[in-house]
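A closer look at the structure
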Amino acid sequence: MPDPNGFLRYDRRLPARRPVPVRISDWREVYPPAGEELIREQATRCMDCGVPFCHDGCPLGNRIPDWNDLVRTGNWDAAVESLHATNNFPEFTGRLCPAPCEAACVLGLGGQQPVTIKQVEVEIADAAVAGGGLRPRPAPVPTGRSVAVVGSGPAGLAAAQQLARAGHTVTVYERDDALGGLLRYGIPDFKLEKQHVDRRLAQLAAEGVRFRTGVNVGVDVTADQLRAEHDAVLLACGALQGRDTPATPGRALRGVHQAMAHLVAANRVVAAAGAGRPALATLPDGTPIDAAGKHVVIIGGGDTAADCLGVAHRQGAAGVHQLDLYPEPPAERDAARDPWPTWPWVLRSYPAHEEGGERVFAVAVQEFVDDGTGQVRAVRIAEVTVEKIDGRRVVTVLPGSERELPADLVLLAIGFEGTEEQPLLAQLGVARNGRGAIDARPDWQTATDGVFVAGDMHRGASLIVWAIAEGRAAAAAIHGYLGGVGSLPAPVDPARQPLAAR
């Protein structure tokens, strides 16, 4: 049984990050591998609670106390099996997920620091690679049924793997030139080196999954062609429609861009360098979008904004300001606002924040200022208050608080408005709802029979654990729809929402 006193004997500890001057000179991951002693120590802090609320925080249903105790006792092979029983890609979630499981750890209820669940997870995942690689598990008998998966992000890949292991023939269609969705070109290498993505893709290929890149379904291949070739279709195209501010004066100036445009361009440069090819950070039309030597203003306070901040540092920005509409959050959970075990509103500092830049809270952009040639030279901001009135957000500017920040490059990281409008949707008879997402019936089918949806395309921009959970659940529904023998695990249903206070 677990050590009931482990959390009393050991404090929460994470491996030391690579030194800032070293890590901003390259694109490698910020965290080095943790030593086995540290991870065993941290796993020992898990109490195996009578009711493990970490399970409620994680939509995948990860068996967290089980694999914590297996690590504590040195049974790494069993820990690898336990972790993969519920999570297809723990090396992704262990690096990218903000860990709602840790926010729900019972230690947080008693005033202690939660178990380092995320760090233990990634070490188990890396142990699987070190212990012989990610062994393929192809289906012993094919079913003769075929499934098309549109999109190769975590939801699409999780569904593809589940369906292939069940014996179905799976083809993943990706409009980009390389597989992985946001994992490939949206997430910087300092958070996720692409070797981890490539290893999983090799495993999926060995399990029989077929990949077609550079195929824009709905344009290069019509929906009718897709349905004629496959018995079911899963839409997993993500939620890449960036939120914009078209009414803000100066929005059309050169140098004002969506954050994802900057991240994709930077990732392409890193990918090209890794392949020994020269490349510049540019938009598809050739417009430069590099932060080198520039004053950068990032609008937004979430993960995407922090990713842009880290990229700007590595590209050699002259200075960076990150703007947040809301006031600075508290350092600790406000139990009246966000009672345990819900996800708390607290100040989250990412590794990129210790690398430089200035965070400015409770401000809103009033204007993007022209330098006289159509290029942005500054942003004019004002201090604001934000209130909820009759369910609506009301932003009030404080008179006399306006000032300018220098800006040669402005990045909008203010969220997403759902999946992109595209020809495929109309061809399939599927429409976006008011949130820009695609509705799913209880069996994960859209309004069109035989067409399923999962991940951000259904949920809206969310966490990677939700994408994988929905991919697994949609795969289970497709397996049943195709008359597959037995059942596949379905960790969530389409109506499932994150743990929240009512």
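Below: a short report on this structure. (Residues numbered from 1 in each chain as written. Predicted model: local features only at pLDDT ≥ 70, side-chain atom pairs only at ≥ 80, totals over all residues. Heavy atoms only, no water.)

Let's shift gears to the sheet that holds strand β4 (residues 232-235). Strand order in this open sheet of five strands is β3-β2-β1-β4-β14, and the pairing throughout is parallel. Because the sheet does not close on itself, it has two edges, and the strands there are β3 (210-213) and β14 (451-453). Here the strands of the sheet are splayed against their neighbours by 20 degrees on average, with no regard to which way each runs. Looking at chain direction, strand β1 (residues 146-150) and strand β2 (residues 169-174) are connected through five bridges and run parallel. (Pairing = 2+ DSSP bridges. Helix = DSSP H or I, 4+ residues; strand = E, 2+ residues; numbered from the N terminus. Axes fitted to C-alpha atoms, helices over the stretch in contact; angles between N-to-C directions.)

A word on the pairing of strand β13 (residues 409-412). With burial as the criterion, each face of β13 is covered, one bearing L409 and L411 and the other bearing V410 and L412. Relative to β13, strand β5 (residues 256-258) is paired through three bridges, and the arrangement is parallel. Each residue of the ladder has a partner; that of Q258, found in β13, is L412. Of the strand pairs in this sheet, strand β6 (residues 295-299) and β13 are connected by four bridges, and their pairing is parallel. Note that in β13 the partner of V296 across the bridge is L409. (Buried < 20%, exposed > 50% of the residue type's maximum accessible area, 1.4 Å probe, protein only.)

As a further point, take the nonpolar core. Core analysis: the biggest nonpolar cluster contains 65 residues, and W67, V71, I124, V170, L234 and I478 have the highest contact counts within it. Of the residues forming this core, the biggest block, ten residues, is contributed by helix α18 (residues 464-481). What V170 contacts, discounting residues up to four positions off in sequence, is V147, V149, A160, L163, A164, G208, V209 and R210. Core analysis: the second largest hydrophobic core is formed by 24 residues, A259, L283, A291 and V311 among them. (Core = buried A, V, L, I, M, F, W, Y, C linked by side-chain atoms within 4.5 Å. Contact = heavy atoms within 4.5 Å.)

Turning our eyes to something else, we now look at the environment of F416. Residue position: F416 is located in the loop between β13 and α16 (423-428). For the pair formed by F416 and A239, sequence separation is 177 residues and the distance between their alpha carbons is 6.7 Å. Ignoring any residue separated from it by four or fewer positions in sequence, one finds F416 in contact with A239, L240, Q241, G242, R243, M260, T304 and A461.

Side chains that are three or four residues apart share a direction in an α-helix, a result of its 3.6 residues per turn. Here helix α10 (residues 154-165) is twelve residues long and its end C-alpha atoms lie 16 Å apart, about the 16 Å a rise of 1.5 Å per residue gives. Taken together, the buried positions of α10 are occupied by P154, A155, G156, L157, A158, A159, A160, Q161, Q162, L163 and A164. Trailing α10 by a residue or two, G167 shows a phi angle of about 105 degrees, which is positive. (Expected span 1.5 Å × (residues − 1).)

What follows is about the pattern of salt bridges. Summed over the entire model, instances satisfying the criterion amount to 31 salt bridges. Close ionic contact of D231 with R145 constitutes a salt bridge, the shortest N to O distance being 3.3 Å. One end of the pair, D231, is in the loop between α13 (223-229) and β4; the other, R145, is in the loop between α9 (117-130) and β1, and 86 residues separate them in sequence. Residue classification places D231 among the partly exposed residues on the basis of a relative accessible area of 32%. Ionic pairing is found between E207 and R165, a salt bridge with its closest N-O pair at 2.8 Å. Note that E207 is positioned in the loop between α12 (195-206) and β3 and R165 in helix α10, a separation of 42 residues in sequence. On the accessibility criterion, R165 (26% relative accessible area) is partly exposed. Where salt bridges share partners, they join R17, R23, R314, E354 and E355 into one cluster. (Salt bridge = Lys/Arg side-chain N within 4 Å of Asp/Glu carboxyl O.)

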